[in-house]
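What follows is the residue order along each chain.
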Amino acid sequence: MYYCYQFVILLCLISVITGYPSYQDQIPNGKNVPHPCKKNYIWKGVGHLQMNGGGKRNVFGEAFSKAQHKWTKQLCEADSDKDGKSNGEELGDPNCVWTAGSKPTSTVGISHPGICEPVDSEECRSQQSYECGGEYNCEATNQTGVKYIDLKFPRTKVPPNETTFMCNTFTVPADKRYHAIAFEPLADNANVIHHMSVFACTEAEASQTKKTPHVCNMSKCRSNYITVWTVGLEGYCLKNDVGLLFGNGSFTHFSIELHWNNPKKKNRLLWYAKIARTMSNIDCHS
């Protein structure tokens, strides 16, 4: 008889999930804009359609870009999302007197200047495609039995170059057969990361890679591409009953290739990713 005991897993790998913080500092309450649909969530990429920034801009982001990324009186008085409130009213600067670095007139009652609210109202639905829901939601990661693996980049100096590719290879558990069901990013430096690629290494490839962070043109583990992450994405969830096999009898090393972006060529930036967690347990035998 054939038995298979399966436990789903969550695989969390490094990256960062936020828009550029420097832009948040150029508008009042830029770090305090609430999600229009999810209570207690902050919309970090205020000028983008995605909560964490990156990708296509929303109407406020387009206006902010035309204003040369500055909080001008014209931008403040405009109602970018056409919900009846000016951008200044939504961001706590109703009199359009705020300047970068100062305290806004109000820090409560803030709303999103780039998404018409209430989102589900007939008026808002007629003029925008954004709807509540649709963000990353991996229900499988909440199931009983989900375990985690920590894959952590140590504190690493970012070179004073506009573009740097940094690689690191990680050894994953091989005592059993596991399946990864999701990839979620965690990191601490939103000013640096551009995108991240993840590969599964064959034994031959793993033997040629470094197990510490190092500058690279590209990862030596290129034959088994797993996933990619870029600014704005919250995570990647595999479909139901699908998992990436690794561990005993399969891949025992993962390689992460980071693209760092340091356009101002700052010399004292550090990268320290608190990456978390993964493990799934599949123990099949006859």
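So, how was this worked out
- Residues numbered from 1 in each chain as written.
- Predicted model: local features only at pLDDT ≥ 70, side-chain atom pairs only at ≥ 80, totals over all residues.
- Heavy atoms only, no water.
- Core = buried A, V, L, I, M, F, W, Y, C linked by side-chain atoms within 4.5 Å.
- Buried < 20%, exposed > 50% of the residue type's maximum accessible area, 1.4 Å probe, protein only.
- Helix = DSSP H or I, 4+ residues; strand = E, 2+ residues; numbered from the N terminus.
- Disulfide = S-S within 2.5 Å.
- Arc of directions from axis to C-beta.
- Polar contact = N/O pair within 3.5 Å; in protein donor to acceptor, adjacent residues only side chain to side chain.

### Considerations on the nonpolar core
In this structure, Ile226, Phe246, Phe254, Leu258 and Trp260 are the most contacted members of the largest nonpolar core, which totals 25 residues. Sorting the residues of this core by element identifies β5 (163-171), β6 (177-180), β8 (193-201), β10 (225-230), β12 (244-247) and β13 (253-261) as the ones contributing at least two each.

### With respect to the state of the cysteines
For the coordinates displayed, the defined rule picks out five disulfides. A sulfur-sulfur separation of 2.1 Å characterises the disulfide bridge that pairs Cys76 with Cys96. Between Cys76 and Cys96 the sulfur-sulfur dihedral comes to about -90 degrees; the bridge is accordingly left-handed. One end of the pair, Cys76, is in helix α3 (residues 73-77); the other, Cys96, is in the loop between α4 (87-90) and α5 (122-125), with 20 residues separating them in the sequence. Assigned by exposure class, Cys76 and Cys96 land together as buried.

### Notes on helix α2 (residues 59-66)
Within α2, the full set of buried residues consists of Phe60, Gly61 and Phe64. On an axial view of α2, the arc spanned by its buried residues comes to 100 degrees, and they lie on one face. Measuring from the backbone nitrogen of Phe60 back to the side-chain oxygen at the start of α2 gives 3.1 Å, which picks out Asn58 as the cap. A positive phi of about 60 degrees marks Gln68, the residue just after α2.

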